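Now for the letters of each chain:
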Amino acid sequence: MFSYDELPSPERELWDAFPEGRHVDLRTGVPEDGRVSEGGQRGPERTVRAAVIVALLQGANTEQPSAVACLRLAGARISGHLNLAGAQIAHALWIEDCWFEEGVDLSGASTQSIAIVGSRVPGVEAGSIRIEGRLDLRHSRLEASSASSFHRRITALSLINAHVSGAVNLNGAEITAPEEWAVSAGGLVAEGGFYCKDGFVAHGEVRLMGAQLPGGLHMRGALLEHPGQRGVALALDNAVASTLDFSDGFTAHGTVRLRGARISDLTFEGAVLNGPPDGHGPSVEAVLMQAVDFDFTLARPPSGIVDLRGAQVSYRHDSDHSWPAVVELDGFVYGSIKLDEAGERREAVGRRDSVARRVAWIRRSPGYSPQPYEQLASWYRKAGHDDDARRVLLAKQRHRRRTLPPAARVWGHLLDATVGYGYRPWLAGVWLLVLTSLGTLSFGTHSPNPVKQGEGAPFQPLVYTLDLLIPIGGLGQRTAWYWANDSLQWLAYLLIAFGWVLTTAVIAGVTRTLQKN
């Protein structure tokens, strides 16, 4: 215990103010003296021992039944280790513009609202904390100093398995743990949301794996840089959130990882995704992610891969700046696509180049996979654009053809040229018209020889040509006449061959189409 008479003046003032919740402000009013970065130079007249703060919060001086005790301190230099691990704290804590000599340990504590605002702290360990209220670290500078006891990694802010009934507010804060873990908050429950706006900067990885954020994660305009060796700037694997807001200049110099995350509203509008500094690794990894609204209208194309394999979204928004050179799309499912042009959002159908743009987007995916084409075609069909859907499926067959052996590629080219793999059956009519015209004109300028004199119908060039082209049945012309002219006889043979090829292609193409649809 502390003897009141032995307390220095600032500690005595804090001791007296605590039972009534009065504010103790040790700031001098001189701008130079108020700089938190130089707080280590503050003298004894502005120094409060961490042990005194612990004693007060543990009930050392609460004999004031007519008031609510609360610790409110500003402008102090706090010496020693503020160790409240496992404590049951019934009083709110508000610290502003203070310079901490050592870190703060709140691991396993149960407490009311905590605010450490505009202060410099060499690390906050708050794993498994229970806060009935909010955690407010606005405009503070948190610096990693030692490895967390929860995961043996250097961490500036640890909130592993913490539960906060209100919001976690890091607006304007700077959290520094270069190439280590700036924030480690796996399993965090923040019912009021997690706020990292207004100039928030993290030097090191921000980890929110498995976090539950009913109030969302708000990182509008935030800067994430200096990730670790894995190149991950933000990890939200298996997180559940109402909103993930990475908009208005949000910048990540590392991978934004959303594996298995479930989100209602996910926006990257105006974001800059630079990917890992070494250039190896994706800008966004969202394998198996689920989102209702997915806004990917970036400020500029990402520098690294965007991996959406197995992801599912209901509404997708993109623009000309959304996609990098490589996009992983196998298994990506979406309900609708809206295109952002000049700030206006509209359905991405109806444009003359709509299909070409979307197919080119699919072609950015490495290798061949049928699912992205089938998904796009399904969307066009649902939007009432069946012709566009067929164009997409035709593009799928042409892409698949590149993966086949030479003989199959030749057959594929034939199917494509004759009936468009069954998605352009009118091409068969065009070929029939061209070949019929060729035969009629060629045969009409000469006279054939009858197979049997005086038998058979009179020679008709049009009917004779059709008889050659149609392999099934007969019109009585093909077997009744032959040509002494070798060129015309070979033309007849070629028309017979073309007839069989055309018929086979039509049957194969139509069968393929019926099987798929």
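Right above here is the structure, for reference.
Computed from a predicted model, the values in this text were never measured in an experiment.

Draft legend 1. Expanded view of the overall build of the chain. Broken down by element type, the chain carries 9 helices and 38 strands. Expected size for 517 residues packed as a compact globule is a radius of gyration near 24 Å; at 37 Å, the chain overshoots this value by more than 25%. By the burial criterion, 51% of the 517 residues in the chain qualify as buried. Taken as a whole, the chain presents about 22900 Å² of accessible surface, with 52% of it coming from carbon and sulfur. Counting 50 positive and 55 negative side-chain charges, the chain places the averaged centre of each group 11 Å from the other.

Draft legend 2. Spotlight on the pattern of salt bridges. Scanning the model with the defined rule gives 25 salt bridges in all. Between Arg309 and Asp307 there is a salt bridge, with its nearest N and O atoms 2.7 Å apart. Overall, the relative accessible area of 7% leaves Asp307 in the buried class. Arg358 is the partner of Asp318 in a salt bridge, and the nearest nitrogen-oxygen pair spans 2.8 Å.

Draft legend 3. Layout of helix H1 (residues 9-17). All buried positions along H1 are accounted for by Pro10, Glu11, Leu14, Trp15 and Ala17. Check the buried side of H1 and you find it contacts strand E1 (23-25), strand E2 (47-49), helix H2 (50-57) and strand E3 (70-74).

Draft legend 4. Structural detail: the packing of aromatic side chains. Here the structure, examined in full by the defined rule, presents 10 aromatic pairs. Ring geometry for Phe268 against Phe296: centres 5.4 Å apart, planes inclined by 80°, an arrangement best described as edge-to-face. With Phe268 in the loop between strand E28 (262-267) and strand E29 (272-273) and Phe296 in the loop between strand E31 (290-295) and strand E32 (306-307), the pair connects residues that are 28 residues apart, well separated along the chain. Comparing Phe268 with Phe296, the two get one shared label, buried. Here the aromatic rings of Phe294 and Phe296 are separated by 5.3 Å at their centres, their planes lie at 35°, and the arrangement is tilted. What makes Phe294 buried here is its relative accessible area of 2%. Of the residues examined, Phe296 reaches a relative accessible area of 0% and is grouped as buried. Members of the aromatic cluster, connected to one another through ring pairs, are Phe246, Phe250, Phe268, Phe294, Phe296, Trp323, Phe332, Tyr334 and Trp361. The ring of Trp181 has Arg207 lying over it, and the distance from NZ or CZ to the ring centre is 4.0 Å. Here Arg316 stacks its cationic end above the ring of Trp361, 4.1 Å away from the centre of that ring.

Draft legend 5. Molecular detail of the nonpolar core. In terms of nonpolar packing, the biggest core is built from 122 residues, with Leu73, Leu188, Phe194 and Phe268 touching the most fellow members. The residues contacting Phe268, other than those within four sequence positions of it, are Phe246, Val256, Leu258, Leu273, Phe294, Asp295, Phe296, Thr297 and Leu298. Listed in part, the 11 residues of the second largest apolar core include Leu435, Leu468, Leu469 and Leu495.

Draft legend 6. Geometry of the pairing of strand E12 (residues 130-136). Direction of pairing for strand E9 (residues 110-117) relative to E12: parallel, over a ladder of 5 bridges. Across the sheet, Thr111 pairs through a bridge with Ile131, a residue of E12.

Draft legend 7. Representation of the environment of Ala69 within the structure. Along the chain, the position of Ala69 falls in the loop between H2 and E3. The exposure class of Ala69 is buried, given its relative accessible area of 10%. Residues Ala69 and Glu20 lie 49 residues apart in sequence; the distance between their C-alpha atoms is 5.2 Å. Those residues in contact with Ala69 that sit more than four places away from it in its chain are Phe18, Pro19, Gly21, Thr62 and His91.

Draft legend 8. Main features of unusual backbone geometry. Of note, the phi angle at Ser128 is positive, near 65°, even though the residue is not glycine. Along the polypeptide, Ser128 turns up in the loop between strand E11 (124-125) and E12. With a phi angle near 55°, Asp198 is a residue other than glycine that sits in the positive phi range.

Draft legend 9. Geometry of the environment of Ala190. As for its position among the elements, Ala190 is in strand E18 (residues 189-190). Distance from Ala190 to Val164, taken between C-alpha atoms, is 4.8 Å for residues 26 residues apart in sequence. In this structure, Ala190 is in contact with Val164, Gly166, Val168, Gln212, Leu213, Pro214 and Gly215, ignoring residues within four places of it in sequence.

Draft legend 10. Local environment of H2. The buried fraction of H2 is high, at 7 of 8 residues. Tucked into the core, H2 has its buried residues touching H1, E2, E3, strand E4 (77-79), strand E5 (82-83) and strand E6 (92-96). Gly59, located one to two residues past H2, shows a positive phi value of around 95°.

Draft legend 11. Expanded view of the side chain of Arg207. As for its placement among the helices and strands, Arg207 is situated in strand E20 (residues 201-207). When its relative accessible area of 10% is taken as the criterion, Arg207 is described as buried. Ignoring anything within four residues of it in the chain, the contact list for Arg207 reads Trp181, Val183, Ser184, Ala185, Gly186, Arg230 and Ala235.

Draft legend 12. Structural view of the packing of H1 against H2. Contact geometry for H1 and H2: axes closest at 11 Å, N-to-C directions at 10°. Relative to H2, the element H1 is oriented roughly parallel. The hand of the H1/H2 crossing is right-handed. Of H2, the residues touching H1 (which contributes Glu11, Leu14 and Trp15) are Val52, Ile53 and Leu56. For the contact of H1 with H2, the per-class residue count stands at 5 nonpolar, no polar and 1 charged.

What counts as what
- Residues numbered from 1 in each chain as written.
- Predicted model: local features only at pLDDT ≥ 70, side-chain atom pairs only at ≥ 80, totals over all residues.
- Heavy atoms only, no water.
- Helix = DSSP H or I, 4+ residues; strand = E, 2+ residues; numbered from the N terminus.
- Rg over C-alpha atoms; globule rule 2.2 N^0.38 Å.
- Buried < 20%, exposed > 50% of the residue type's maximum accessible area, 1.4 Å probe, protein only.
- Areas by Shrake-Rupley, 256 points an atom, 1.4 Å probe, with all protein chains shown as cover.
- Lys, Arg positive; Asp, Glu negative; His and termini not counted.
- Charge placed at Lys NZ, Arg CZ, Asp CG, Glu CD.
- Salt bridge = Lys/Arg side-chain N within 4 Å of Asp/Glu carboxyl O.
- Contact = heavy atoms within 4.5 Å.
- Phe/Tyr/Trp six-rings, centres within 6.5 Å; stacked < 30°, edge-to-face > 60°.
- Lys NZ or Arg CZ within 6 Å of the ring centre and 35° of its normal.
- Core = buried A, V, L, I, M, F, W, Y, C linked by side-chain atoms within 4.5 Å.
- Pairing = 2+ DSSP bridges.
- Axes fitted to C-alpha atoms, helices over the stretch in contact; angles between N-to-C directions.
- Parallel < 35°, antiparallel > 145°, perpendicular 65-115°, else oblique.
- Left-handed = near helix turned anticlockwise from the far one by under 90°.
- Nonpolar A, V, L, I, M, F, W, Y, C, P; charged D, E, K, R; others polar.

Fair warning: the whole summary comes from geometry, so function is off the table for now.
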